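Given next are the chains, with one letter for each unit.
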Amino acid sequence: MRGLDWFVFCVADVQTGFGPFVSVYLTTQKWTQTDIGLVLSVAGVVALLSQVPAGVLVDWARAERVVAGIAVAVIACAALTYAVFPVFPAILAAATFHAIASCVLGPAIAAIALGLVGHAGIGERLGRNARFASIGNGFAAALMGACGYFFSARSVFFVTALLLVPTLLALRQIAPREIVPEQAHGGPTAPRETPAPLISLFKDRSLLILACCVALFHLANAAMLPLMGSALTSRSSDWATIMIAICIVVPQIVVALIAPWAGHKAKVWGRRPILLAGFAALAVRGMLFASVTDPALVVAAQIFDGVSAVALGVMVPLIVADVTRGSGRFNSALGIVGMIAGIGGALSTTLAGAVTDYIGAHFAFLGLASVAMLAFLAVLLFLPETRPQET
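Residues numbered from 1 in each chain as written. Predicted model: local features only at pLDDT ≥ 70, side-chain atom pairs only at ≥ 80, totals over all residues. Heavy atoms only, no water.

Some thoughts on the pattern of salt bridges
Spelled out, the test is: Salt bridges, as used here, are contacts in which a Lys or Arg side-chain nitrogen is within 4 Å of a carboxyl oxygen on Asp or Glu. Each helix is a run of H or I in the DSSP string that is no shorter than four residues. Each strand is a run of E no shorter than two, and both are numbered from the N terminus.
Applying the stated rule across the entire model yields five salt bridges. Residues Arg128 and Asp5 are paired through a salt bridge, measuring 2.5 Å at the closest nitrogen-oxygen approach. Taken together, the positions of Arg128 in helix α5 (residues 88–150) and Asp5 in helix α1 (residues 2–16) put the pair 123 residues apart, joining distant regions of the chain. Glu124 is paired through a salt bridge with Lys267; the nearest N and O atoms lie 3.6 Å apart. Pair noted here: Glu124 is in helix α5 and Lys267 is in helix α11 (residues 237–269), with a separation of 143 residues, a long-range link.

In structure tokens, the structure reads:
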């Protein structure tokens with residue numbers, strides 16, 4: 001369990017290096033914004049298309065630690081490529097492999113967690129994962145920022161590659177004998193039984209409703225902070241960068257504080273109340289962004305982002321584990337939800353940007369809040385409670 005804690009922490013460290021630092025670094029290498037945008041777009045499309053195959057791969061491999069280790073090694077190699085070969089073909093290949101490996105890594109971590117604790121303890125374990133990922137993100141952002149400031153933007157990717165060592169050491173602390181293979185994939189108790197057909201997941205009403213609700217969530221959420229960043233820049237460009245940094249840190253603190261609590265309460269209250277709270281928090285955040293201009297209130301509104309992050313990060317995989325229990329397709333189902341949800345995220349910034357350009361940011365935020373409320377109503381009216389009766 002401690003090994004998984006530190007592995008999740010280190011994975012968050014590694015992944016942080018591929019955030020906003022990519023655009024900063026490539027800009028210092030005299031790349032055009034067109035080329036940077038093309039690389040990021042290709043990586044986004046690859047990530048979208050890789051979600052389901054990645055989940056199927058993890059279910060098929062039945063070697064969660066090995067798959068996770070290979071994925072982390074690929075990400076580290078991609079970081080090294082960024083640092084050493086900042087030319088378009090190499091960066092495009094690195095971004096592609098990073099996107100694929102990231103899609104594999106998420107289900108692999110979820111499988112390890114489920115294999116260690118089983119369905120009875122997966123809620124609290126997912127909350128603990130979210131806490132350590134949040135702490136890792138905050139730590140890595142500070143570390144990467146310091147490296148970029150005191151050394152160079154290139155150093156961020158060298159540090160990311162070096163983090164492979166502690167990440168693999170943490171992974172080694174997870175004893176293979178403690179992971180129950182059938183349990184890790186939501187499979188039947190009999191080892192020789194085959195998983196359910198993949199097509200059966202597309203016929204599962206609860207799973208598809210969840211995927212569509214999460215897609216609506218990301219349609220409302222993905223554009224909110226970038227849009228607010230643009231608004232802050234237009235008001236006070238000197239303080240915009242530090243304000244956005246604070247807006248990123250605040251939700252991480254909230255997640256670290258309440259994620260394990262949410263995982264525990266999901267066993268008592270059920271999954272829907274906490275998921276509904278997360279969707280409602282997103283709608284409130286959108287309304288606040290539409291009406292406030294004081295930077296302090298913008299930061300305060302980001303507390304709601306932390307609540308939403310907990311609800312999505314803990315409840316979505318927990319509900320997927322519920323509905324796929326006994327099927328052997330837990331990770332494949334996570335891939336399906338991720339793929340459908342990714343479509344909402346991909347459309348969000350484009351649609352919000354268009355609304356902002358034509359009728360203003362105020363109406364864009366109101367529109368995003370309306371989509372969030374639609375997602376809330378969809379969960380309330382159509383998504384059934386999936387908590388097993390025995391818990």
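Digging into the confidence of the model for the protein chain
As a reminder of what qualifies: The predictor attaches a confidence to each residue, and that confidence, scored 0 to 100, is pLDDT.
Looking at the protein chain as a whole, the pLDDT averages 84, with 93% of positions reaching at least 70. No element of the protein chain has a lower mean pLDDT than helix α2 (residues 21–28), which averages 74, and none a higher one than helix α12 (residues 271–291), which averages 94.

Quick notes on the environment of Pro273
Within the fold, Pro273 resides in helix α12. Taking the C-alpha atoms as reference points, Pro273 and Leu380, separated by 107 residues in sequence, lie 9.0 Å from one another.

What about the state of the cysteines?
We apply this condition: Cysteine sulfur atoms are paired as a disulfide whenever they come within 2.5 Å of each other.
Inspection of the entire model under this criterion finds zero disulfides. In this model Cys77 remains outside any disulfide bridge; the closest cysteine sulfur is found in Cys10, 17 Å from its own.

Notes on the packing of α5 against helix α13 (residues 295–323)
Our working rule: Only the stretch in contact is used when fitting a helix axis, every axis being a line fitted to C-alpha atoms; angles between N-to-C directions are given from 0 to 180 degrees. The scheme is simple: roughly parallel for angles under 35 degrees, roughly antiparallel for over 145, roughly perpendicular for 65 to 115, oblique for anything else. Each crossing gets its handedness from the near helix: less than a right angle anticlockwise from the far helix is left-handed, clockwise is right-handed. The contact definition used throughout considers only heavy atoms, calling two residues in contact when any of these lie within 4.5 Å.
At a minimum axis distance of 9 Å, the contact between α5 and α13 shows a crossing angle of 155°. Here α13 runs roughly antiparallel to α5, going by the angle between their axes. Of the two elements, α5 crosses α13, and the hand of that crossing is right-handed. Facing His119, Ile122, Gly123, Leu126, Gly127 and Ala130 of α5, the residues of α13 in contact are Val314, Pro317, Leu318 and Ala321.

Considering the packing of α1 against helix α4 (residues 64–84)
Heads up, the rule is: Polar here means any residue outside two lists: the nonpolar Ala, Val, Leu, Ile, Met, Phe, Trp, Tyr, Cys and Pro, and the charged Asp, Glu, Lys and Arg; Gly therefore counts as polar.
Close contact between α1 and α4 brings their axes to 11 Å; oriented N to C, the two are set at 25°. Here α1 is positioned roughly parallel relative to α4, judged by the angle of their axes. Regarding α1 and α4, the two cross each other, and that crossing is left-handed. Here Phe7, Val11, Val14 and Gln15 of α1 lie close against α4, whose contacting residues are Ala68, Val72 and Ile75. Residue composition of the contact of α1 with α4, by class: six nonpolar, one polar and no charged.

Here's the deal with the nonpolar core
Nonpolar side chains in soluble globular proteins generally cluster together in the buried interior. To keep things clear, this is the line we draw: Joining through side-chain atoms within 4.5 Å is the link that ties buried Ala, Val, Leu, Ile, Met, Phe, Trp, Tyr and Cys residues into a set, and such a set is a nonpolar core. Accessible area is worked out with a 1.4 Å probe on protein chains only. A residue is then buried under 20% of its type maximum, exposed over 50%, and partly exposed in between.
With 124 residues, the main nonpolar core has Leu4, Phe7, Tyr82, Leu105, Leu275 and Phe279 as its most contacted residues. Ranked by residues supplied to this core, first place goes to α5 with 21 residues. Those residues in contact with Leu105 that lie beyond four places of it in its chain are Phe7, Val11, Gln15, Ala68, Ala71, Val72 and Ile75.

Some details on a nonpolar patch on the surface
To be explicit about the condition: Like-charged residues are merged into a patch within 9 Å and nonpolar side chains (Val, Leu, Ile, Met, Phe, Trp, Tyr) within 5 Å, provided each residue has over 30% relative accessible area and no salt bridge. With residues, only the protein chains shown are counted as cover, and all accessible areas are computed by Shrake-Rupley using a 1.4 Å probe.
Taken together, the side chains of Leu80, Val84, Phe85, Val87 and Phe158 define a hydrophobic patch exposed on the protein surface, amounting to about 430 Å² of accessible area. Inspection of the secondary structure puts Leu80 in helix α4. Its relative accessible area of 39% is what places Leu80 among the partly exposed residues.

Quick word on the packing of aromatic side chains
What counts is decided by this rule: Only centres within 6.5 Å qualify two rings of Phe, Tyr or Trp (six-membered ring in Trp) as a pair; their planes then separate them into stacked at under 30 degrees, edge-to-face at over 60, and tilted for everything else.
One pass over the full model with this rule turns up seven aromatic pairs. On the basis of an interplanar angle of 55° and a centroid distance of 5.2 Å, the ring pair of Phe217 and Phe279 is categorised as tilted. Of this pair, Phe217 sits in helix α9 (residues 205–221) while Phe279 is found in helix α12, placing the two residues 62 residues apart along the sequence. Per residue, the accessibility class of Phe217 equals that of Phe279, and both read buried. The interplanar angle of 80° and the centroid separation of 5.5 Å between the aromatic rings of Trp261 and Trp269 together place this pair among those described as edge-to-face. By relative accessible area, Trp269 is classed as partly exposed at 43%. What links up through ring pairs into an aromatic cluster is the set Trp6, Phe9, Phe132 and Phe139.

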